[in-house]
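Residue strings, one per chain:
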Amino acid sequence: MRKQLLEIFSEANGGFVSGQKISEELGCSRTAIWKHIEDLRKEGYELEAVRKLGYRIVQKPDKISGNEIQLGLKTKTLGRHVHFEESVTSTQKIAHRLAYEGTPEGTIVVAEEQQAGRGRLDRLWFSPKYTGVWMSIILRPSIPPSQTPQLTLLAAVAVVQGIQEVTGLEPDIKWPNDILIGGKKVVGILTELQAEADRVNSVIIGIGINVNQTIEQFPEELTSIATSLSIQQGDKIDRALLIQSILAKLEDLYHNYLTNGFKVVKLLWESYAISIGKQIIARTLNGSIEGRAIGITDDGVLRLEGMDGTIHLIHSADIEI
Ligand code: BT5
């Protein structure tokens with residue numbers, strides 16, 4: 001049905017097609033057509049509806065492909081193997097399988113849509129079609145498992161730099177994994193491991209970026225806490241270019257990190273961080289701690305000075321500023 005409907009629009013060449021014509025050709029009711037039109041909108045089609053004239057496609061969804069990501073890519077290893085899919089449950093899940101099967105370092109998994117994109121603690125990550133960057137990157141660093149939180153911070157720095165380069169926007173980082181613009185979340189990062197007690201086999205860095213969503217495309221529960229790059233910048237953003245820029249920044253930082261350690265990343269991260277120096281509440285699985293965020297340790301752990309002056313080391317929490 002959807003295919004036939006798209007064919008009818010394609011024949012009209014951007015012109016209006018009446019509801020009656022559609023209902024005759026598809027053999028369905030006006031209500032059914034309206035539902036199909038709504039489905040197309042959800043997929044990223046921009047449709048105009050005018051009384052008496054019918055419907056027309058104003059803009060088709062802006063798709064990317066594995067080829068487009070690789071064409072013009074300036075990296076040596078990151079993104080040299082691209083596993084691209086139209087629709088997946090979660091790019092993390094595929095990346096875990098590929099990592100287990102021995103895929104080379106730098107392999108990336110990118111999808112146009114995730115049906116069950118995930119955040120930390122099994123929370124859901126909203127990942128609608130054609131509007132975002134839903135990507136998992138496989139790294140194989142020779143570091144102990146305890147140091148892998150550093151890679152979440154490293155990835156956040158690379159994403160901030162990529163966004164700055166492509167859009168001119170100046171995002172902030174909220175420890176450990178949120179990137180915000182104007183106080184609203186635009187990126188989430190999820191780092192997962194395949195490791196033995198003392199050895200990392202692979203680190204899978206999942207990056208979710210809201211790129212071209214309009215405010216209306218967010219579900220109601222996210223409208224007050226989330227935003228997209230395009231909402232902030234006012235223009236549509238080239239997602240393939242954004243991926244290329246982030247991969248280039250990530251590769252530079254990663255090589256620097258493997259050779260020189262966490263120092264440079266830590267300084268950069270602190271320069272983008274908004275929570276440091278501020279009064280915050282850290283909600284951990286064992287309860288909440290209120291105090292002043294005074295910095296991060298050399299392992300990427302948050303240092304929080306409680307009301308009574310005690311220094312707490314926070315490994316995992318949600319931060320409220
Ligand atoms: C995160 O978790 O922020 C990590 C998100 C990582 C997503 C990427 S996409 C590619 C890869 N494949 C995956 O399956 N995942 C990774 P967390 O800090 O737990 O935040 C999750 C919370 O953010 C949710 O509970 C919502 O409140 C909110 N949220 C969900 N979708 C969002 C979106 N698109 N934009 C902003 N906030 C969102």
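Residues numbered from 1 in each chain as written. Predicted model: local features only at pLDDT ≥ 70, side-chain atom pairs only at ≥ 80, totals over all residues.

For the protein, the name recorded in an unreviewed UniProt entry is Bifunctional ligase/repressor BirA, with Litchfieldia luteola as its organism. Comment text from UniProt for the protein, heading Sequence similarities (unreviewed entry), reads "Belongs to the biotin--protein ligase family." What UniProt states about the protein under its Catalytic activity (unreviewed entry) heading is, verbatim, "biotin + L-lysyl-[protein] + ATP = N(6)-biotinyl-L-lysyl-[protein] + AMP + diphosphate + H(+)". (UniProt positions renumbered as here; feature names shortened; annotations may be inferred.)

**Focus: the site of the ligand**
For the ligand, the set of nearby residues contains 27 residues, the closest of which are Ser 90, Gly 119, Gly 188, Gly 206 and Gly 208. Elements represented by at least two residues in the shell around the ligand include exactly α5 (91-100), β5 (132-139), β8 (184-195) and β9 (200-210). Within the shell around the ligand, the residues separate by chemical class into 10 nonpolar, 13 polar and four charged. (Near = placed C-beta within 6 Å. Helix = DSSP H or I, 4+ residues; strand = E, 2+ residues; numbered from the N terminus. Nonpolar A, V, L, I, M, F, W, Y, C, P; charged D, E, K, R; others polar.)

**Some remarks on the sheet that holds β9**
Whether parallel or antiparallel, the strands of a sheet pair through hydrogen bonds between backbone atoms. With mixed pairing, the seven strands of this open sheet are ordered in space as β3-β4-β5-β9-β8-β7-β6. Each having just a single partner strand, β3 (82-88) and β6 (172-174) make up the two edges of the open sheet. Neighbour-to-neighbour, the strand axes of this sheet turn through a mean angle of 20°, independent of strand direction. In the sheet, β6 pairs with strand β7 (residues 178-181) via three bridges, with the strands oriented antiparallel. Counterpart to Ile 173 in the pairing with β7 is Ile 179. Across the face of the sheet, α5 comes into contact with β3, β4 (108-114), β5, β8 and β9 while running at roughly 20° to β5. Sitting on the sheet, helix α6 (residues 149-167) touches β5, β6, β7, β8 and β9, and the angle it makes with β8 is about 140°. (Pairing = 2+ DSSP bridges. Axes fitted to C-alpha atoms, helices over the stretch in contact; angles between N-to-C directions. Contact = placed C-beta atoms within 7 Å.)

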